[in-house]
Amino acid sequence: MLLAHISDLHLDGTERAIKRAARVVAYLNGLSRQPDAVLVTGDIADHGAPEEYAEAARLLAGLRAPALPCPGNHDDRAAYREVLLGEEGGEEGSGGTGPVNRLHRAAGHALLLMDSTIPGQDEGLLDDETLDWLARTLDGLGGTPAVPAFHHPPALLHHPYVDSMNLTNADRLAEVLEGRTTVPAILTGHAHTPAASTFAGRPLLVAPGVVSTLRLPWEGGEGLTDRVAPPGVAFHVLEADGRVTTHFRVVP
């Protein structure tokens, strides 16, 4: 399976954000082999506004490969569901505002698109409903290789700002994954930097940002992010034996 992985578009209605996302779409569409899917790990909209999701829907519909989004801390569940997914957004306090978790199958693999957001907060949480869904889904898939994907990294990335708002209940996720051998890797976004680490004995692979690139503490420079650096893409090659190979690319 060839999976393209992008994150953090932060579409806000500005020409700059739209152009950067459009560059990524054009780059992916120009590949000589199309990915089996394009994973988008959250912060698709910057303010969670319906018009931002309308722009996102237009851009993602232009991809030649299927787009598989999951929400981030800048996203609004109701507008995300209604505009981007074409589902009922739901009223406050109803089931429509619960976590957005979806299963997608491609090329002999399962992608478990999970909602790690806490509405109104920046840090992440995989709530009981989501963790129960993950456990049931993994058990129901039998021996199918299954890759969880969500927004907030469950491990330190050694940047004080990002680490202050990562996944807050990573230990609970590790408990669910323990003993389940069909999970070859975990894919996230949120950090605006390509990164590779480990979690629960598996590769943890973080997509680069589309809208900007995080400045690492030892790099220097002004501001939290570099808004001039080009957008990035991760390519994950998933093999039937569980091996995962990842390449990171900048988009010209």
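Rules used throughout
Residues numbered from 1 in each chain as written. Predicted model: local features only at pLDDT ≥ 70, side-chain atom pairs only at ≥ 80, totals over all residues. Heavy atoms only, no water. 1 Å grid on protein atoms, 1.4 Å probe; cavity = no way out; pocket = protein on both sides within 12 Å on 5 of 7 lines; lining within 4 Å. Points joined across faces, edges and corners; volume = space filled by probe spheres on them. Helix = DSSP H or I, 4+ residues; strand = E, 2+ residues; numbered from the N terminus. Buried < 20%, exposed > 50% of the residue type's maximum accessible area, 1.4 Å probe, protein only. Pairing = 2+ DSSP bridges. Right-handed = clockwise from strand over helix to strand, strands pointing away. Nonpolar A, V, L, I, M, F, W, Y, C, P; charged D, E, K, R; others polar. Axes fitted to C-alpha atoms, helices over the stretch in contact; angles between N-to-C directions. Parallel < 35°, antiparallel > 145°, perpendicular 65-115°, else oblique. Left-handed = near helix turned anticlockwise from the far one by under 90°. Contact = heavy atoms within 4.5 Å. Core = buried A, V, L, I, M, F, W, Y, C linked by side-chain atoms within 4.5 Å. Salt bridge = Lys/Arg side-chain N within 4 Å of Asp/Glu carboxyl O.

Colleague: Please provide a residue-by-residue account of the layout of surface pockets, values included.
Modeller: Taken as a whole, the largest pocket holds about 360 Å³ of empty space. Taken together, 23 residues form the lining of the largest pocket, with H10, H74, H192, S212 and T225 sitting closest to its centre. Those elements giving two or more residues to the lining of the largest pocket turn out to be α1 (15–29) and α5 (160–163).

Colleague: Let's hear about the pairing of strand β2 (residues 37–41): which residues, and what values?
Modeller: The element β2 is extensively covered by neighbouring structure, given that five of its five residues are classed as buried. Burial of the side chains of β2 extends over both faces: A37, L39 and T41 are buried on one face and V38 and V40 on the other. Of the pairings in the sheet, the one linking strand β1 (residues 2–6) to β2 comprises four bridges and is parallel in character. Its bridge partner being in β2, H5 is matched across the sheet by L39. This β-α-β element, β1 to α1 to β2, shows right-handed connectivity. Summarising the sheet, β2 and strand β3 (residues 67–70) pair through four bridges and their orientation is parallel.

Colleague: Describe empty space enclosed by the protein, listing the residues and the values that go with them.
Modeller: By the definition in use, this model includes one cavity of 30 Å³ or more. Computed from the structure, the largest cavity encloses a volume of approximately 40 Å³. Every residue lining the largest cavity is listed: I6, L9, A21, V24, V25, L59, L60 and V210. Of all elements in the fold, only α1 and α2 (50–61) reach the threshold of two or more residues within the lining of the largest cavity. Per element, the largest residue contribution to the lining of the largest cavity is three residues, and it comes from α1. Classifying every residue of the lining of the largest cavity by side-chain character gives eight nonpolar, no polar and no charged.

Colleague: I'd like to hear about the packing of α1 against α2, residue by residue, with values.
Modeller: For the pair α1 and α2, the least separation of the axes is 10 Å and the interaxial angle reads 20°. Relative to α2, α1 is oriented roughly parallel. Between α1 and α2 the crossing geometry is right-handed. Contact with α1, carried on its side by I18, A21, A22 and V25, involves E55, R58 and L59 of α2 and no other residues of that element. Residues that form the contact of α1 with α2 fall into these classes: five nonpolar, no polar and two charged.

Colleague: Which residues make up the nonpolar core, and what values go with them?
Modeller: Core analysis: the biggest nonpolar cluster contains 31 residues, and I6, L11, L28, V38 and V233 have the highest contact counts within it. Secondary-structure elements contributing two or more residues to this core are β1, α1, β2, α2, α3 (77–84) and β12 (232–238). With six residues, the single largest contributor to this core is α1. When near neighbours in sequence (up to four residues on either side) are disregarded, V38 contacts L3, A4, I6, L28, L63, A65, P66, A67 and L68. Formed by 28 residues, the second largest nonpolar core is a distinct cluster that contains M114, W133, L177 and V206.

Colleague: Provide a residue-level description of the pairing of strand β13 (residues 244–250), including the pertinent values.
Modeller: Where β12 and β13 come together, seven bridges link them in antiparallel fashion. Of the residues in β13, the one forming a bridge with A234 is F248.

Colleague: I'd like a rundown of the pattern of salt bridges, residues and numbers included.
Modeller: Where charged atoms from two side chains of opposite charge come close, those side chains can pair. For the structure on display, the rule yields eight salt bridges. The partner of D115 in a salt bridge is R77, with the nearest N and O atoms 2.9 Å apart. Of this pair, D115 sits in the loop between β5 (109–113) and α4 (128–140) while R77 sits in helix α3, and the two are 38 residues apart along the sequence. Here D115 falls in the buried class, since its relative accessible area comes to 1%. Classification of R77 by relative accessible area gives buried; the value is 11%. We note a salt bridge from R172 to D128, for which the minimum N-O separation is 3.2 Å.

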